[in-house]
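Spelled out, the chains give:
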Amino acid sequence: MRIGILTSGGDCPGLNAVIRGAVLKGDRIHGHEFLGIKDGWRGLVEDDVAPLPRHQIRGLSKQGGTILGTSRVGPYGEGNGGAQRVRETMQRRGMDALIAIGGEGTLTVARMLHDEGIDVVGVPKTIDNDLGATDYTFGFDTAVHVATEAIDRLRTTGDSHHRCMVLEVMGRHAGWIALHAGIAGGAHAVLIPEVAVGYDQVAQWVRATADRGRAPMVVVAEGFMPDGELVSGGQVDGMGRPRLGGVGEQVAREIEERTGIESRAMALGHMQRGGSPTAYDRVLATRFGTAALDAVHDRAFGQMVALAGTEIVRVPLAEATTALKSVPRERWDEAAILFG
């Protein structure tokens with residue numbers, strides 16, 4: 001069997017470990033051949049495909065990014081040919097099946113292609129941990145680790161200057177990174193898209209912290225909506241969504257105005273999804289890769305591999321892309337008893 005592998009959407013620590021797991025098992029156990037599809041779906045639209053031999057994936061589990069490249073081009077974009085173009089490229093290359101590694105957008109395209117007869121298996125990828133039908137996604141642990149280290153570093157400068165420090169982390173629709181990093185780093189407030197919190201309440205937490213002689217630490221997800229609207233710079237990304245950024249600066253200004261405490265903000269940005277994956281993400285991504293290969297070998301197409309507890313399972317792509325996994329209110333409430 002000749003299998004194509006692509007990575008699409010935002011890059012994420014662990015992508016290369018998925019590729020390595022799939023190719024190693026497929027080559028060693030089943031004798032399958034692999035093709036690397038360049039820059040996600042663009043490679044299938046433009047027939048940018050190359051052999052992906054075993055020697056090319058050696059030592060990849062520790063390497064960040066993706067050796068295949070990525071883009072936000074999709075086969076269903078205007079003039080891109082849809083499923084028919086994908087089918088033609090696969091036939092031209094003798095490609096029997098696809099492994100698509102990506103987030104909600106990538107897996108939605110995979111589901112649509114499967115509905116039109118393309119043999120595809122999905123692998124969930126997002127640092128935001130907001131994909132349904134899987135307990136965790138690889139990349140999330142790395143992002144939380146990076147954010148927690150940033151909190152630790154910001155706290156020392158905040159303590160030295162008696163400032164309130166505000167850290168803005170990724171999380172357009174879900175505040176998982178902010179919540180986990182905030183708990184791990186001992187933040188005095190965590191602001192996420194799922195929970196409406198007014199600036200007066202934030203100021204109260206900050207004052208209570210300062211009154212104890214501590215330098216307040218606030219973590220805010222980029223999708224937090226302080227006035228019911230997203231904070232952005234007015235630009236849009238490749239999918240036409242507002243390009244978020246700036247809510248941390250806004251939160252810092254409001255805190256300083258309400259409390260008189262000097263406040264500084266830092267947006268962690270792409271640092272969260274760059275660099276080497278953590279050990280946990282390397283293991284999870286490798287398991288996803290080998291499990292995705294098993295699904296292809298079993299011809300279990302239209303499925304996504306997922307984590308259920310500690311087990312890797314298969315779920316329908318339709319189930320995986322039905323709804324985003326947001327932070328339940330009770331999870332935020334657990335953390336909120338530690339605020340202030």
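- As annotated in an unreviewed UniProt entry, the protein chain is ATP-dependent 6-phosphofructokinase from Kytococcus sedentarius.
- According to its UniProt record, the protein chain has this under Pathway (unreviewed entry): "Carbohydrate degradation; glycolysis; D-glyceraldehyde 3-phosphate and glycerone phosphate from D-glucose: step 3/4."
- The Catalytic activity (unreviewed entry) field of the UniProt record for the protein chain holds the comment "beta-D-fructose 6-phosphate + ATP = beta-D-fructose 1,6-bisphosphate + ADP + H(+)".

**As for the UniProt feature "binding site: Mg(2+)" (unreviewed entry) in the protein chain**
Line of reasoning, step 1. According to UniProt, the positions carrying the feature "binding site: Mg(2+)" (unreviewed entry) are E104.
Line of reasoning, step 2. Relative to the helices and strands, E104 resides in helix 4 (residues 104-115).
Line of reasoning, step 3. In contact with E104, other than residues within four places in its own chain, are L131, T321 and L324.

**Topic: the nonpolar core**
Line of reasoning, step 1. One finds I5 and F138 to be the most contacted residues of the largest nonpolar core, which totals 83 residues.
Line of reasoning, step 2. Of the domains in this structure, domain 1 (2-138 + 277-322) and domain 2 (140-273) are the two that each give at least three residues to this core.
Line of reasoning, step 3. Each residue touching I5, except ones within four places of it in the same chain, is listed here: I19, A22, V23, F34, L35, G36, I37, L52, L68, I99 and I101.
Line of reasoning, step 4. Listed in part, the 24 residues of the second largest apolar core include L44, M95, I118 and A320.

**Quick word on the pattern of salt bridges**
Line of reasoning, step 1. Scanning the entire structure with this criterion turns up 19 salt bridges.
Line of reasoning, step 2. Of the charged contacts, one joins D333 and R329 as a salt bridge, the two residues approaching to 2.9 Å between their closest N and O atoms. Within this pair, D333 and its partner R329 are both found in helix 11 (residues 329-336), separated by four residues, close to a single helical turn.
Line of reasoning, step 3. On the basis of relative accessible area, R329 is assigned to the partly exposed category, the value being 47%.
Line of reasoning, step 4. Bridged by salt links that share partners, the residues D39, R42, E46 and D48 form one connected network.

**A short note on helix 9 (residues 279-297)**
Line of reasoning, step 1. Between its first and last C-alpha, helix 9 extends 27 Å over 19 residues, near the 27 Å set by a 1.5 Å rise per residue.
Line of reasoning, step 2. When we look at burial in helix 9, the residues that qualify are D281, L284, A285, F288, G289, A291, A292, L293, A295 and V296.
Line of reasoning, step 3. Positive phi shows up at R299, right after helix 9, with a value of about 60 degrees.

**Some words on the pairing of strand 4 (residues 97-102)**
Line of reasoning, step 1. The element strand 4 is largely enclosed, with a buried count of six among its six residues.
Line of reasoning, step 2. As judged from the five bridges shared by strand 1 (residues 2-7) and strand 4, these two strands associate in the parallel manner. In the strand pairing of strand 4, I3 is matched with A97.
Line of reasoning, step 3. Sheet topology note: the strand 4/strand 5 (residues 120-124) ladder contains five bridges and is parallel. Within strand 5, the residue paired with I99 across the bridge is V121.
Line of reasoning, step 4. Tracing the backbone out of strand 4, into helix 4 and back to the parallel element strand 5 gives a crossover that is right-handed.

**Some details on the packing of helix 7 (residues 199-211) against helix 8 (residues 247-259)**
Line of reasoning, step 1. It is the contact of helix 7 with helix 8, at a shortest axis distance of 9 Å, that shows an interaxial angle of 70 degrees. The orientation of helix 7 relative to helix 8 falls into the category roughly perpendicular. The chirality of how helix 7 crosses helix 8 is right-handed. Residues Y199, D200, V202, A203, V206 and R207 of helix 7 form the contact with helix 8, whose participating residues are Q250, V251, E254, I255, R258 and T259.

**Observations regarding helix 8**
Line of reasoning, step 1. In this model, helix 8 (13 residues) spans 18 Å end to end at C-alpha, consistent with the 18 Å of a helix rising 1.5 Å per residue.
Line of reasoning, step 2. Residues of helix 8 that are buried include every one of V247, G248, Q250, V251, A252 and I255, and no others.
Line of reasoning, step 3. Those residues of helix 8 that are buried lie in contact with strand 6 (164-169), strand 7 (189-191), helix 7, strand 8 (217-221) and strand 11 (263-267).
Line of reasoning, step 4. Just downstream of helix 8 lies G260, where phi reads positive at about 80 degrees.

**Focus on the confidence of the model for the protein chain**
Line of reasoning, step 1. Taken as a whole, the protein chain shows an average pLDDT of 93; of its residues, 95% reach a score of 70 or greater.
Line of reasoning, step 2. Element-level pLDDT for the protein chain is lowest in strand 9 (residues 232-236), with a mean of 57, against a maximum mean of 98 in strand 1.

**Here's the deal with the domain arrangement of the protein chain**
Line of reasoning, step 1. When the domains of the protein chain are assigned, the result is domain 1 (2-138 + 277-322) and domain 2 (140-273).
Line of reasoning, step 2. On a C-alpha basis, the centres of domain 1 and domain 2 stand 33 Å from each other.
Line of reasoning, step 3. Each partner contributes to the interface: domain 1 provides 17 residues, whereas domain 2 provides 17 residues.
Line of reasoning, step 4. Buried surface at the junction of domain 1 and domain 2, summed over both partners, amounts to about 1,400 Å²; 57% is from carbon and sulfur atoms.
Line of reasoning, step 5. Scanning the region where domain 1 abuts domain 2 turns up one salt bridge.
Line of reasoning, step 6. The residue R273 makes a salt bridge to D11 at a minimum N-O spacing of 3.2 Å.
Line of reasoning, step 7. At the junction of domain 1 and domain 2, the tally comes to six residue pairs in polar contact (both at pLDDT 80 or more).

Criteria and thresholds
Residues numbered from 1 in each chain as written. Predicted model: local features only at pLDDT ≥ 70, side-chain atom pairs only at ≥ 80, totals over all residues. Heavy atoms only, no water. UniProt positions renumbered as here; feature names shortened; annotations may be inferred. Helix = DSSP H or I, 4+ residues; strand = E, 2+ residues; numbered from the N terminus. Contact = heavy atoms within 4.5 Å. Core = buried A, V, L, I, M, F, W, Y, C linked by side-chain atoms within 4.5 Å. Buried < 20%, exposed > 50% of the residue type's maximum accessible area, 1.4 Å probe, protein only. Domains from an automatic or database assignment. Salt bridge = Lys/Arg side-chain N within 4 Å of Asp/Glu carboxyl O. Expected span 1.5 Å × (residues − 1). Pairing = 2+ DSSP bridges. Right-handed = clockwise from strand over helix to strand, strands pointing away. Axes fitted to C-alpha atoms, helices over the stretch in contact; angles between N-to-C directions. Parallel < 35°, antiparallel > 145°, perpendicular 65-115°, else oblique. Left-handed = near helix turned anticlockwise from the far one by under 90°. pLDDT = per-residue confidence, 0-100. Buried area = accessible area lost by both parts, 1.4 Å probe. Polar contact = N/O pair within 3.5 Å; in protein donor to acceptor, adjacent residues only side chain to side chain.

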